[in-house]
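Remarks on the overall topology
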Amino acid sequence: RKEVEQDPGPFNVPEGATVAFNCTYSNSASQSFFWYRQDCRKEPKLLMSVYSSGNEDGRFTAQLNRASQYISLLIRDSKLSDSATYLCVVSPLNKFYFGSGTKLNVKP
Amino acid sequence: DAGVIQSPRHEVTEMGQEVTLRCKPISGHDYLFWYRQTMMRGLELLIYFNNNVPIDDSGMPEDRFSAKMPNASFSTLKIQPSEPRDSAVYFCASTDRGRGNQPQHFGDGTRLSIL
């Protein structure tokens, strides 16, 4: 079983739509959680950390559900510039496990 | 502040040649990671270091791959001899776990093509 599983998509949504991604993880001892964004032919960049109580950064909301071992990312009012691949990252101790990424295409 | 710096940005070489990729982590970071990314296999962890010491190299594909970190500000990933299947983007990342659950920061990557 993979450490982290994500739906690869693609998610094709119109501008202004709300879209949500989920990511499940297998290690219940995981301590820290992150969402990264990766544009085509670029490096992964940190989008936001995910805190136990959930957190929001502008149009982006991240949630953690430890009981069911998943994290989620909600994007409201999608912009064309949100088109990218979104990677969830789970870290037990000092290793980082990356999901395979969910591709988002925001269409005009 | 300078981010993670990798060189070269692009490398094209012939099969059988030695390839050396370089990485300078963010100053003060105590962990350094080497990843490889391909369309088929996604992002794979090759090896990581803590305070310049290799901790886990289980992701290194075979003996042709080696990595060193002679000091806190420099690491190399070497492939000798190189093969076409080594063609990928190689990323270096660093983090400061001494400050708790900190994320990784990635360099721009090295695009490696083995002909």
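All values derive from a computational prediction rather than experimental measurement.

**Re the state of the cysteines**
All chains considered together, the criterion is met by 2 disulfides over all chains. Put simply, Cys23 of chain A and Cys88 of chain A are joined by a disulfide, and their sulfur atoms are 1.8 Å apart. Taking the sign of the S-S torsion, about 55 degrees here, the bridge from Cys23 of chain A to Cys88 of chain A comes out right-handed. Pair noted here: Cys23 of chain A is in strand 3 (residues 19-25) and Cys88 of chain A is in strand 9 (residues 84-91), with a separation of 65 residues, a long-range link. According to the relative accessible area criterion, Cys23 of chain A is buried, its value standing at 0%. Classification of Cys88 of chain A as buried rests on a relative accessible area of 0%. Between the sulfur atoms of Cys23 of chain B and its disulfide mate Cys92 of chain B the distance is 1.9 Å.

**Looking at the side chain of His29 of chain B**
Residue and element names in this part refer to chain B. With respect to the element layout, His29 can be found in the loop between strand 3 (19-24) and strand 4 (31-38). There is a polar contact of 2.7 Å between the side chain of His29 and the side chain of Ser94. In contact with His29, other than residues within four places in its own chain, are Ser94, Thr95, Asp96 and His105.

**Description of the sheet that holds strand 7 (residues 65-71) of chain B**
Sheet strands line up and pair through hydrogen bonds in the backbone, either parallel or antiparallel. All names here are of chain B. Read across the open sheet, the 4 strands follow the order 1-3-8-7; overall the sheet is antiparallel. Each having just a single partner strand, strand 1 (5-7) and strand 7 make up the two edges of the open sheet. This sheet shows a mean twist of 15 degrees between the axes of neighbouring strands, independent of strand direction.

**Notes on the side chain of Asn55 of chain A**
Residue and element names in this part refer to chain A. Structurally, Asn55 can be placed in strand 6 (residues 55-57). At 2.9 Å, the side chain of Asn55 and the backbone nitrogen of Tyr51 are in polar contact. In this view, Asn55 contacts Met48, Ser49, Val50, Phe60, Thr61 and Ala62; residues no more than four positions away in its chain are not counted.

**Some details on the interface of chain A and chain B**
On the side of chain B, 19 residues touch chain A, which itself brings 16 residues to the contact. Carbon and sulfur atoms make up 53% of the surface buried where chain A meets chain B, a total of about 1600 Å² over both sides. As a salt-bridge pair, Lys95 of chain A and Asp56 of chain B come within 2.7 Å of each other at their nearest N and O atoms. On inspection of chain A and its partner chain B, the count reaches 4 residue pairs in polar contact (both at pLDDT 80 or more). Its residues placed into classes, the side of chain A that touches chain B shows 7 nonpolar, 5 polar and 4 charged.

Reading the values: the criteria
Residues numbered from 1 in each chain as written. Chains lettered and ligands numbered in written order. Predicted model: local features only at pLDDT ≥ 70, side-chain atom pairs only at ≥ 80, totals over all residues. Heavy atoms only, no water. Disulfide = S-S within 2.5 Å. Helix = DSSP H or I, 4+ residues; strand = E, 2+ residues; numbered from the N terminus. Buried < 20%, exposed > 50% of the residue type's maximum accessible area, 1.4 Å probe, protein only. Polar contact = N/O pair within 3.5 Å; in protein donor to acceptor, adjacent residues only side chain to side chain. Contact = heavy atoms within 4.5 Å. Pairing = 2+ DSSP bridges. Axes fitted to C-alpha atoms, helices over the stretch in contact; angles between N-to-C directions. Buried area = accessible area lost by both parts, 1.4 Å probe. Salt bridge = Lys/Arg side-chain N within 4 Å of Asp/Glu carboxyl O. Nonpolar A, V, L, I, M, F, W, Y, C, P; charged D, E, K, R; others polar.

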